[in-house]
Amino acid sequence: PTWQPGSLAIALKNLLLSGKMASNVEAPERWYLALLGFAEHFRTSSPPKIRLCVHCLQAVFQFKPPQRIEARTHLQLGSVLYHHTKNSELALSHLEKAWYISQQVPQFEDVKFEAASILSELFCQQNLVDSAKPLLRKAIQISQQTPYWHCRLLFQLASNFTHFEKDLVSACDLLGVGAEYARVVGSEYTRALFLLSKGMLLLMERKLAEVHPLLTLCGTIVENWQGNPIQKESLRVFFLVLQVTHYLDAGQVKSVKPCLKQLQQCIQTISTLHDDEILPSNPADLFHWLPKEHMCVLVYLVTVMHSMQAGYLEKAQKYTDKALMQLEKLKMLDCSPILSTFQVILLEHIIMCRLVTGHKATALQEISQVCQLCQQSPRLFTNHAAQLHTLLGLYCISVNCMDNAEAQFTTALRLTTHQELWTYIVTNLASVYIREGNRHQELYSLLERINPDHNFPVSSHCLRAAAFYIRGLLSFFQGRYNEAKRFLRETLKMSNAEDLNRLTACSLVLLGHIFYVLGNHRESNNMVVPAMQLASKIPDMSVQLWSSALLKDLNKSLGNTMDAHEAAQMHQNFSQQLLQDHIAACSLPEHNLISWTDGPPPVQIQAQNGPTTSLASLL
């Protein structure tokens, strides 16, 4: 759920609407109304005058107000100080007083539970999670007759377990409690929110046996629920996002297409609907998953993820540009942390695209941009440090800095507990050891842990296909060509089944190279030509460079002089493009990031004197 505290405005509105106008209230309440009005005026000024707002609220205590006004004023002061200043100690003091006093006042739920909610947020911000937990548990215990607050506090405690303690089991238990409570109070909408949130955590834990029946139940609830059209469509977006990410995690790029299409249609429907200001009759329904603008960015994001895995890199670029443009507009008005998370994930994917398409200098600048975003948020860095070092490792491979690549991947392995990411890193580290040619012991140790024929560590179709490719690459370098062909044919079978275009192109060109070495030029040509066509479509610069070199030699061997000349010209063009990009990237001050393997991202990156690696070994 998302919400923004607006205690001052709500209090003023409630007092005015309650019929207690200045003409028939006692003097202290008239003073309270006046001071509250001034405080709200200062708070909403442009720019806000927070010091004056706080002075007005503090003045309320001079009139020795009754407990209701005293507790509400402490809440308002605590909220203003927490959201608009760095004076967390004073905010804490006021919020604790609001929580304590409000428990002594009957029928004062809004103040009591908002105080508990904001106070626990402040505790978590100060890394005092052990103080936040009992506070929220007590608030949950005494809020069972107040459906909105009971659900909101359950969501909040589950969120704390997820983000601060990484205890997904406890979070799932709480979300299950919330789903059952929502069912009892007749809120199928909020029941679906609780269940979908639980499904999201189960996906994170890879508890797939529990995910499938839960998502089936959620699908039924979402389709049967008749209510606010935007709320219904937002539930469908949540449900479909989980389905799409589940398929993508499993590397099933082709199988996901129907779900992804439904998701894209759903977000188009939401964008045409107008916000309905009529409040739900059931207070437990007063939640929404994400604002529709955020949902739109999220759908762009999963589309980029799909395009990246499928090898539609120009499409990934198009949707990334649209999403980043929308994010920039949203961030001018909204400081929600999720927007920075979306931005980092989008950049992570587009950086991988740049490295494939031969734009290393741009990729390096975008890696630096991710570093800057992570500098601004410790939590963002904690969640994305492993990915950041992985990207640097991939960049190092692209500029032939193999020692640095190894250091980056080793750092990333140390920082991740995510099985799919771990497997992806190990696969790339194995490719580094194969290229170095003298790391046999380390290489065989790694390959044992990602053996696609036996006990593969994850269920990802894509990663298992990549593991077969790595085996084929090693067998090729060792001259075991029949074994290499077996592994590569397995990669081709798997990549064709799920439209994994880049793996298909890499496997075809490597098979073409094997047939060329074996003297079977016709069969080699049958592999290299489609590899080149597919690589051009992606476009994958490295595979195009490799394919054009093979085509040049093949056509020369077959006596096709014109075709050999054309392929040689293509090879020359690709070499020049890659060389220029290589020099540009290595000349950037950001290139020094390849040496960073410990602690937070460096704040300043010093320039260096020209590139330190050559392109020769890449060709």
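How each quantity is defined
Along every chain, residues carry numbers that run from 1 in the direction the sequence is written. With the structure being a predicted model, the display of local features is reserved for residues of pLDDT at least 70 and the display and counting of side-chain atom pairs for 80 or more, all residues being used for whole-chain, interface and lining totals. Heavy atoms from the whole structure form the basis of all side-chain values; hydrogens and water molecules are not counted. UniProt positions are given in the numbering used here, feature names are shortened, and annotations may be inferred rather than shown by experiment. Buriedness for pockets is judged along seven lines, at least five of which must meet protein on both sides within 12 Å for an open set on the 1 Å grid over protein atoms alone, while cavities are sets there where a 1.4 Å probe fits but cannot get out, and lining residues have an atom within 4 Å of a point. Grid points are joined across faces, edges and corners, and a volume is the space filled by probe spheres set on the points. Side-chain classes are defined by residue name, with Ala, Val, Leu, Ile, Met, Phe, Trp, Tyr, Cys and Pro counting as nonpolar, Asp, Glu, Lys and Arg as charged, and the others, Gly among them, as polar. The way it works is that DSSP assigns letters per residue, a run of H or I at least four long becomes a helix, a run of E at least two long becomes a strand, and they are numbered from the N terminus. For the exposure calls, accessible area comes from a 1.4 Å probe over protein chains only, and a residue counts as buried if that area is under 20% of its type's maximum, exposed if over 50%, partly exposed in between. The contact definition used throughout considers only heavy atoms, calling two residues in contact when any of these lie within 4.5 Å. Axis definition: a line fitted to C-alpha atoms, limited for helices to the stretch in contact. Angles are taken between N-to-C directions and run from 0 to 180 degrees. Should an angle fall under 35 degrees it is called roughly parallel, over 145 degrees roughly antiparallel, and 65 to 115 degrees roughly perpendicular, with every other angle called oblique. If you view the pair so one helix is near and one far, a crossing is left-handed when the near helix is turned anticlockwise from the far one by less than a right angle, and right-handed when it is turned clockwise. In the sections that follow, a salt bridge refers to a side-chain nitrogen of Lys or Arg positioned within 4 Å of a carboxyl oxygen of Asp or Glu. In this scheme Phe, Tyr and Trp rings, the latter by its six-membered ring, pair at centre separations within 6.5 Å, and the angle between planes marks the pair as stacked below 30 degrees, edge-to-face above 60, and tilted otherwise. Expected span, for any helix, means 1.5 Å times one less than how many residues it has.

The name given to the protein chain in an unreviewed UniProt entry is MAU2 chromatid cohesion factor homolog, with Tetraodon nigroviridis as the source organism. In the Subcellular location (unreviewed entry) part of its UniProt record, the protein chain is described as follows: "Nucleus, Nucleoplasm". In its Sequence similarities (unreviewed entry) section, UniProt records this for the protein chain: "Belongs to the SCC4/mau-2 family."

To continue, consider empty space enclosed by the protein. Evaluated as defined, the whole model comprises 2 cavities of 30 Å³ or more. By volume, the largest cavity amounts to about 50 Å³. Along the walls of the largest cavity sit Leu203, Arg206, Leu208, His246, Asp249, Ala250, Glu420 and Ser459, which together make up its complete lining. Taken together, the residues of the lining of the largest cavity sort by class into 3 nonpolar, 2 polar and 3 charged.

Turning our eyes to something else, we now look at the environment of Cys172. Within the fold, Cys172 resides in helix H9 (residues 168-184). Judged by relative accessible area, which is 5%, Cys172 ranks as buried. Taking the C-alpha atoms as reference, Cys172 lies 43 Å from Leu474; in sequence the two are 302 residues apart. With residues up to four places along the chain from it excluded, the contact list for Cys172 reads Lys198, Leu201, Leu202 and Glu205.

The N-to-C vectors of helix H26 (residues 541-557) and helix H27 (residues 561-587) enclose an angle of 155 degrees; their axes lie 8 Å apart at closest approach. Compared by their axis directions, H26 and H27 come out roughly antiparallel. You can see that H26 and H27 cross each other, and the crossing is left-handed. Here H26 contributes Met541, Gln544, Leu545, Ser548, Ala549, Leu551, Lys552, Asn555 and Lys556 to the contact with H27, which in turn contributes Asp563, Ala564, Ala567, Ala568, Met570, His571, Phe574, Ser575, Gln577 and Leu578.

A separate point is the pattern of salt bridges. One pass over the full model with this rule turns up 19 salt bridges. The partner of Arg486 in a salt bridge is Asp453, and the shortest N-O contact between them spans 3.4 Å. One end of the pair, Arg486, is in helix H23 (residues 481-497); the other, Asp453, is in the loop between helix H21 (440-449) and helix H22 (461-477), and 33 residues separate them in sequence. The class for Asp453 is partly exposed, based on a relative accessible area of 44%. Across the pair Asp540 and Arg502 runs a salt bridge, and its minimum N-O distance is 2.5 Å. Of the two residues, Asp540 is situated in the loop between helix H25 (521-537) and H26 and Arg502 in helix H24 (residues 501-517); the sequence distance between them amounts to 38 residues. What makes Asp540 buried here is its relative accessible area of 0%. By relative accessible area, which is 36% here, Arg502 ends up partly exposed. A cluster of three or more residues bridged by salt bridges with shared partners is formed by Glu406, Glu436, Arg439 and Glu442.

All right, on to the side chain of His94 then. Checked against the element boundaries, His94 lands in helix H5 (residues 88-102). Residue classification places His94 among the buried residues on the basis of a relative accessible area of 6%. In this view, His94 contacts Phe61, His74, Leu77, Gly78 and Leu81; residues no more than four positions away in its chain are not counted.

Next up on the list: the packing of aromatic side chains. The tally for this structure, following the rule as stated, stands at 12 aromatic pairs. Seen from their ring centres, Phe113 and Trp149 are 6.3 Å apart, and the 45 degrees between their planes marks the pair as tilted. Here Phe113 is found in helix H6 (residues 109-125), whereas its partner Trp149 is found in helix H8 (residues 147-163), with 36 residues between them in sequence. Phe113 sits in the buried class, given a relative accessible area of 0%.

Attention now moves to helix H10 (residues 188-205). Three- or four-residue spacings in an α-helix give side chains the same orientation, since the helix completes a turn every 3.6 residues. An ideal rise of 1.5 Å per residue puts 26 Å on 18 residues; H10 measures up with 25 Å between its terminal C-alpha atoms. Most of H10 is tucked away: 13 of the 18 residues are buried.

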